[in-house]
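Geometric and topological summary
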Amino acid sequence: MSAVTVGVRRKGAGLGLVAWLAGIVFFLPIAWMALTSFHSESDAATNPPSFTAALTLDGYREFFGTGGGASPWPALINSVVASVASTLFVLLLALPAAYALSIRPVKKWTDVLFFFLSTKMLPVVAGLLPIYLFAKNTGMLDNIWLLVILYTSMNLPIAVWMMQSFLAEVPVAIIEAARVDGARLPTILARVVAPIALPGIAATALICFIFSWNELLFARVLTGVVAETAPVFLTGFITSQGLFLAKVCAASLVISLPVLAAGFAAQDKLVQGLSLGAVK
């Protein structure tokens, strides 16, 4: 075995070890949150923490309202509706826009992409008051569809930016062949472009879903009881009196499960999509 081969293997083993250490470091807070959620409030509040404390499901009972508290299901359903609906709208709008900027490029398309991203440079809190006044005057306060519109507009720029890179990898010859066969633009997008760019579309959809699911500021200000989302419901467990650490950890773990499940289900397409975007 040559010295070069040995050096390459050692370098690969070193990089693998660093990757494992980084993964463990990122996983430890989640593992600690999961462990704390199974402790009683008194055990969860001990300092230093006790690893051998008795396990209990009291935190989850409190979260699901079996002890007389509010039920989390309306908030969870609102989060699902807002996240899924806004993600679908983003994909429907971003796919033809990315097609125009990549496969059928317009003049100065780089300026167009920069304009899209420039809309994300405004601090979110700077637009909070105008949006609140608009929602109040139009009777849209505490309405889940207002959040759907907001999340769609917030995620659309980054979705167009990502999908432009993915669609640029689609062979133009295939599209031209479909056009020669008489396929119109909707058919080309649905049956030719979308299947080829599926990893990129899946990665974009997952990122938009995560951003919408985790959004708190607008949901906190613009909703009340009817359109309350899961992150807003979670903040209700934090009080100035009493112990709430175990209950908050249990609620955080449950609310994080949809995002974790979506990421696990689409992990292969997510890696493919993000890799294509990075290479591009």
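Note that the structure is predicted; figures quoted are calculated from it, not measured.

**Let's talk about the overall build of the chain**
What the chain contains, in helices and strands, is 14 helices and zero strands. Over its C-alpha atoms, taken along the principal directions, the chain stretches across nearly 75 × 70 × 35 Å. About 16,300 Å² of surface is accessible on the chain, with carbon and sulfur atoms providing 71% of the total. Each charge class in the chain was averaged separately, 16 positive and 12 negative side chains, and the resulting centres sit 13 Å apart.

**Description of the nonpolar core**
Ranked by internal contacts, the top residues of the largest apolar core, which has 29 residues, are Met163, Leu167, Ile175 and Val193. Looking at this core element by element, the count peaks at seven residues for helix α4 (residues 73–102). If sequence neighbours within four positions are ignored, Met163 has contacts with Leu91, Ala94, Leu95, Ala98, Ile201 and Thr204. By size, the runner-up hydrophobic cluster in this structure holds 19 residues, among which are Ala75, Leu76, Leu253 and Val254.

**Remarks on the packing of aromatic side chains**
All chains considered together, the criterion is met by seven aromatic pairs. Ring centres of Phe63 and Phe64 lie 4.9 Å apart, and the angle between their planes is 75°; on these two criteria the pair is classed as edge-to-face. Taking the relative accessible area as the measure of exposure, Phe63 reaches 0% and is therefore buried. Note on Phe64: relative accessible area 30%, which makes it partly exposed. Site record: aromatic cluster; members linked through ring pairs are Phe63, Phe64, Trp73, Phe233 and Phe237.

**Considering helix α9 (residues 185–196)**
Between its first and last C-alpha atoms α9 spans 15 Å; for 12 residues at 1.5 Å apiece the expected length is 16 Å, and the two agree. Every buried residue of α9 is accounted for by Ile188, Leu189, Val192, Val193 and Ala194. Each element contacted by the buried residues of α9 is listed here: α4, α7 (144–167), α8 (172–180) and α10 (198–214).

**Overview of the packing of α4 against α9**
Relative to each other, α4 and α9 sit at 95°, their axes nearing to 11 Å. Classified by the angle between their axes, α4 and α9 sit roughly perpendicular to one another. Contacts between α4 and α9 involve Leu95, Pro96 and Tyr99 from the former and Leu185, Leu189 and Val193 from the latter. When its residues are assigned to classes, the contact of α4 with α9 shows six nonpolar, no polar and no charged.

**Considerations on the pattern of salt bridges**
In the structure shown here, the tally under the stated rule is three salt bridges. Among the ionic pairs, Asp58 bridges to Arg61, the shortest N-O distance being 2.8 Å. On the criterion of helical spacing, the pair formed by Asp58 and Arg61 is a turn pair, its members being three residues apart in helix α3 (residues 58–63). Overall, Asp58 belongs to the partly exposed group, its relative accessible area being 39%. Exposure remark for Arg61: the relative accessible area of 42% places this residue in the partly exposed category. The salt bridge partner of Glu176 is Arg179, with a shortest N-O separation of 3.1 Å.

**A look at the environment of Lys108**
Take Lys108: it is sitting in the loop between α4 and α5 (109–118). Overall, Lys108 belongs to the exposed group, its relative accessible area being 63%. It is 16 Å that separates the C-alpha atoms of Lys108 and Ser165, two residues lying 57 residues apart in sequence.

**Digging into the packing of α7 against α10**
The interhelical angle for the contact between α7 and α10, taken along N-to-C directions, is 155°, at an axis separation of 10 Å. Classified by the angle between their axes, α7 and α10 sit roughly antiparallel to one another. The element α7 and its partner α10 pack so that their crossing is right-handed. Residue-level contacts link Tyr151, Asn155, Ala159, Met162, Met163 and Phe166 of α7 to Gly200, Ile201, Ala203, Thr204, Ile207, Cys208, Phe211 and Ser212 of α10. A breakdown of the residues in the contact of α7 with α10 according to their chemical character gives 10 nonpolar, four polar and no charged.

Cut-offs used in this document
- Residues numbered from 1 in each chain as written.
- Predicted model: local features only at pLDDT ≥ 70, side-chain atom pairs only at ≥ 80, totals over all residues.
- Heavy atoms only, no water.
- Helix = DSSP H or I, 4+ residues; strand = E, 2+ residues; numbered from the N terminus.
- Areas by Shrake-Rupley, 256 points an atom, 1.4 Å probe, with all protein chains shown as cover.
- Lys, Arg positive; Asp, Glu negative; His and termini not counted.
- Charge placed at Lys NZ, Arg CZ, Asp CG, Glu CD.
- Core = buried A, V, L, I, M, F, W, Y, C linked by side-chain atoms within 4.5 Å.
- Buried < 20%, exposed > 50% of the residue type's maximum accessible area, 1.4 Å probe, protein only.
- Contact = heavy atoms within 4.5 Å.
- Phe/Tyr/Trp six-rings, centres within 6.5 Å; stacked < 30°, edge-to-face > 60°.
- Expected span 1.5 Å × (residues − 1).
- Axes fitted to C-alpha atoms, helices over the stretch in contact; angles between N-to-C directions.
- Parallel < 35°, antiparallel > 145°, perpendicular 65-115°, else oblique.
- Nonpolar A, V, L, I, M, F, W, Y, C, P; charged D, E, K, R; others polar.
- Salt bridge = Lys/Arg side-chain N within 4 Å of Asp/Glu carboxyl O.
- Left-handed = near helix turned anticlockwise from the far one by under 90°.

In short, the description is geometric, and any link to function would need to be established separately.
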